[in-house]
Amino acid sequence: MGKLLWGTPKDLRTLLCELVSWESRTLTEGEKEFPFKVENKLKQLDYFKQHPEFLALHEADQGRNLVMALYEHPKAADTIVLISHFDTVQTEEYGDLEQLAFRPEELTKKLFERKDDLPEEARADLESGNYLFGRGTMDMKMGLALHMALIEKASMENWPLNLVLLTVPDEEVNSMGMRKAVSELVNLREERGLSYKMFFNSEPAFSQKPGDEKHYVYSGTLGKIMPAALFYGKETHVGEPLKGMTANYMASFLSQAMEWNALYRESDLGESTPLPVSLQQKDLKMQYSTQTPYRATALYNVFLMKRNAAEVMELFEQTAMQAATMCNTAYSGLCRREGIEGIGEVQVLRFEQLLEYAEAKRGVRFVSKLKAEILAHPEWDEREKSLRIADKLMIQCHELAPAIILLFAPPYYPAVNSSEDPFIMECIATVKRAAAENGVEVDQVHYFNGLCDLSYVNYSDPGNGWSSYERNTPVWGETYSIPFADMLELRAPVLNVGPFGKDAHQYTERLHMDSAFVHTPHMLESLMKSLCKKVLETV
Ligand SMILES: [Zn+2]
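The structure displayed is predicted, hence computed values, not measured ones.

Participant: Quick one: what's the story with the overall build of the chain, residue by residue and with numbers?
Facilitator: Secondary structure assignment for the chain yields 16 helices and 21 strands. Its C-alpha radius of gyration of 26 Å places the chain within 12% of the 24 Å reference for a compact globule of 539 residues. Referenced to the eigenvectors of the C-alpha coordinate spread, the extents of the chain come out at roughly 90 × 55 × 45 Å. Burial analysis of the chain (539 residues in total) assigns 57% to the buried set. For the chain, long-range pairs separated by at least 24 residues make up 79% of all intrachain contacts whose partners lie at least 6 apart in sequence.

And the structure:
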């Protein structure tokens, strides 16, 4: 048997630093180049020299590709899918050290020279010599390195199971890579007659609170959805404020009602979702004038555990109705006080209702042309496009004003959880045993709180909740879609075991080296080998 390329802690460290040096911030040229470099790296393995057809790139969008590599044992059907993302967040926060963000060894040395500038915990970690700093070290190029090492070892030692290594772009923004990968996974399964047993991610283990050094594994991931609103009031001149209603006035009621609203908190297995909060609230006036702002928008962040899109829309509508009632009550009091008739009551409409109304009024063709004009602006992101579509429709239907239009803005990450799956329980027990051999204590968390691509597998939705999402997402089927039907096909439990690190998305992002190069590889290998044993028993 030949020598492993990525078999020792030292080799893994070198591999990680190489992966990090291939800058791949989301939406940069580096993100486009990265998959070709990984492909070349994997081509160094004898296995892919012999089976070049098992290594492929698939386009996600805009010249960005995902990488899929299959290690197949001739006798096995059972397949584990190893998922990672190779994009990273941006690096401005490194300031004058930005050049070094992708050179972990140098960055870690350089930070030593100015360690007194670091936050207390980061400084202590740096001085301990246990951590490697750098963008993407923790989130999550180490995860990819571990998967590469696994597929190498499996192929060299001829493990009796199948592994699919899947690494995708765009996880940090819209998860375009994973949404595309879903259909490719379904295709691959059909082509090769695979049976997916588990979707296995290696996002890093986060500390749950400062100073917490426990190693967590995750048997699910939180979901996230973004209810959004367009507020359409009535314009007037500042000198005659009573002749109109500003959108800002309307928006204030809904934002009060949404932020920290406990109705949106979900609990499961002793864990709870963080409360909702607004992510943006702005009026649509482009420049200063004495015309009052009569159109505004707001975006709210809602985390999920069990609820589907239809349930969130119900709840959002309920909250918006209450907000509108409060607004109308306040406004009619004001009308009485000022002795005016007022401009009418604020009503609440779902986007699907507005769309139906607009199509009946102006015709389907007119409406789709109007949508197409907005979608043709690449400089606007999915959220901007969504809100602008609602806005353009309301301009055509202003007799509905004052109104609050409710919609969903991308992205949407369904929640997924496999805590009660017996197979996953067994896997976690194996991982814990392997960790204990190195003196590492592992704890289980039921919902990964960092959002991840596991949201797009093992989907279940008995209530067809996604159709509400489709109908109320203005950009649905155009610039944004989720392959719900294919996701339903990918029914296998999920598990996330990754290396320990701290401060993802901050300039103090760092990876615990023993965890990354010694402990986690042992956990992963022990887990995969235990699965091999099971396969052998059933063959
Ligand atoms: Zn990540």
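Participant: Which residues make up unusual backbone geometry, and what values go with them?
Facilitator: Geometrically, the link from Asp-139 to Met-140 is a cis peptide bond, its omega value of -15 degrees lying close to zero. With respect to the element layout, Met-140 can be found in helix H6 (residues 137-157). Each neighbour pair has its own omega, and for Pro-410 with Pro-411 the value is 0 degrees, a cis peptide bond. Note that Pro-411 resides in the loop between strand S16 (403-408) and strand S17 (416-417).

Participant: Hey, could you go over helix H8 (residues 247-258) for me, with residue numbers and the actual values?
Facilitator: The first and last C-alpha atoms of H8 sit 16 Å apart over 12 residues, in line with the 16 Å expected at 1.5 Å per residue. By the burial criterion, the buried members of H8 are Ala-247, Met-250, Ala-251, Phe-253, Leu-254, Ser-255 and Met-258. As for H8, its buried residues are in contact with strand S10 (227-232), strand S13 (277-283), strand S14 (295-304), helix H9 (309-338) and S16. Once H8 finishes, Trp-260 follows within two positions and takes phi at roughly 60 degrees, a positive value.

Participant: Quick one: what's the story with the coordination of the zinc ion, residue by residue and with numbers?
Facilitator: Within the protein, His-85 (NE2), Asp-139 (OD) and Glu-203 (OE) serve as the donor atoms for the zinc ion, at 1.9 to 2.2 Å. As a motif over one chain, the donors of the zinc ion read H-x53-D-x63-E. You can see His-85 sitting in strand S3 (residues 78-85) and its partner Asp-139 sitting in helix H6, a full 54 residues away along the chain. Taken individually, His-85 and Asp-139 each receive the classification buried, so the pair is uniform in this respect.

Participant: Summarise the packing of helix H2 (residues 29-43) against H6; cite the residues concerned and give the values.
Facilitator: Interhelical geometry of H2 versus H6 gives an angle of 30 degrees and a closest axis separation of 12 Å. The pairing of H2 with H6 is recorded here as roughly parallel in orientation. In terms of crossing hand, the pair formed by H2 and H6 is right-handed. Contact residues: H2 offers Phe-34, Val-38, Lys-41 and Leu-42, while H6 offers Lys-141, Leu-144, Met-148 and Ile-151.

Participant: Kindly report on the nonpolar core, identifying the contributing residues and their values.
Facilitator: Counting 180 residues, the largest nonpolar core has Leu-42, Phe-199 and Phe-231 as its most contacted members. When residues of this core are assigned to their parent elements, the largest contribution, 11 residues, is made by H9. Filtering out sequence-adjacent residues up to four positions away, Phe-231 remains in contact with Ala-247, Met-250, Ala-251, Leu-254, Tyr-294, Arg-295, Ala-296, Thr-297, Ala-298, Tyr-300, Ala-403 and Ile-404.

Participant: Just give me the short version of helix H5 (residues 120-128), but keep the residues and values in it.
Facilitator: Of the positions making up H5, those classed as buried are Ala-122, Arg-123, Asp-125 and Leu-126. For H5, the arc enclosing every buried residue in end-on projection is 165 degrees, short of the 170-degree limit, so these residues lie on one face. Looking at the buried positions of H5, the neighbouring elements they touch are helix H4 (104-113), strand S4 (131-133), strand S20 (501-502) and strand S21 (510-512). Among the residues trailing H5, Gly-129 stands out with phi positive, at a value near 75 degrees.

Participant: Requested: an account of the packing of helix H10 (residues 351-362) against helix H12 (residues 382-396), with residues and values cited.
Facilitator: Packing of H10 against H12 leaves a shortest axis separation of 10 Å and a crossing angle of 45 degrees. On the basis of their axis angle, the class for H10 and H12 is oblique. Seen from above, H10 lies across H12 with left-handed handedness. Residues Phe-351, Leu-354, Leu-355, Ala-358, Lys-361 and Arg-362 of H10 form the contact with H12, whose own contacting residues are Ile-389, Ala-390, Leu-393, Met-394 and Gln-396. For the contact of H10 with H12, the per-class residue count stands at 8 nonpolar, 1 polar and 2 charged.

Participant: Which residues make up the packing of aromatic side chains, and what values go with them?
Facilitator: Taken as a whole and assessed by the stated rule, the structure comprises 21 aromatic pairs. Here the aromatic rings of Tyr-218 and Phe-448 are separated by 4.8 Å at their centres, their planes lie at 85 degrees, and the arrangement is edge-to-face. Here Tyr-218, found in strand S7 (residues 215-218), pairs with Phe-448, found in the loop between strand S18 (442-445) and helix H14 (466-472); they are 230 residues apart in sequence, far enough to count as distant. Take Tyr-218 and Phe-448: they sit in the same class, and that class is buried. Relative to Trp-476, the ring of Tyr-469 lies with its centre 6.0 Å away and its plane at 90 degrees, an arrangement referred to as edge-to-face. Taking relative accessible area as the criterion, Tyr-469 reaches 0% and is therefore assigned buried. A relative accessible area of 17% means that Trp-476 is categorised as buried.

Participant: Got a sec to walk through the environment of Cys-452? Specific residues and values, please.
Facilitator: For Cys-452, the location among the structural elements is in the loop between S18 and H14. Exposure remark for Cys-452: the relative accessible area of 0% places this residue in the buried category. For the pair Cys-452 and Tyr-413, spaced 39 residues apart in sequence, the C-alpha to C-alpha distance is 8.0 Å. Residues contacting Cys-452, with those up to four places away along its chain left out, are Glu-171, Asn-201, Glu-203, Thr-221 and Tyr-413.

Conventions and cut-offs
Residues numbered from 1 in each chain as written. Predicted model: local features only at pLDDT ≥ 70, side-chain atom pairs only at ≥ 80, totals over all residues. Heavy atoms only, no water. Helix = DSSP H or I, 4+ residues; strand = E, 2+ residues; numbered from the N terminus. Rg over C-alpha atoms; globule rule 2.2 N^0.38 Å. Buried < 20%, exposed > 50% of the residue type's maximum accessible area, 1.4 Å probe, protein only. Contact = heavy atoms within 4.5 Å. Expected span 1.5 Å × (residues − 1). Donors = N, O, S within 2.8 Å, 3.2 Å for Na, K, Ca; no water. Axes fitted to C-alpha atoms, helices over the stretch in contact; angles between N-to-C directions. Parallel < 35°, antiparallel > 145°, perpendicular 65-115°, else oblique. Left-handed = near helix turned anticlockwise from the far one by under 90°. Core = buried A, V, L, I, M, F, W, Y, C linked by side-chain atoms within 4.5 Å. Arc of directions from axis to C-beta. Nonpolar A, V, L, I, M, F, W, Y, C, P; charged D, E, K, R; others polar. Phe/Tyr/Trp six-rings, centres within 6.5 Å; stacked < 30°, edge-to-face > 60°.

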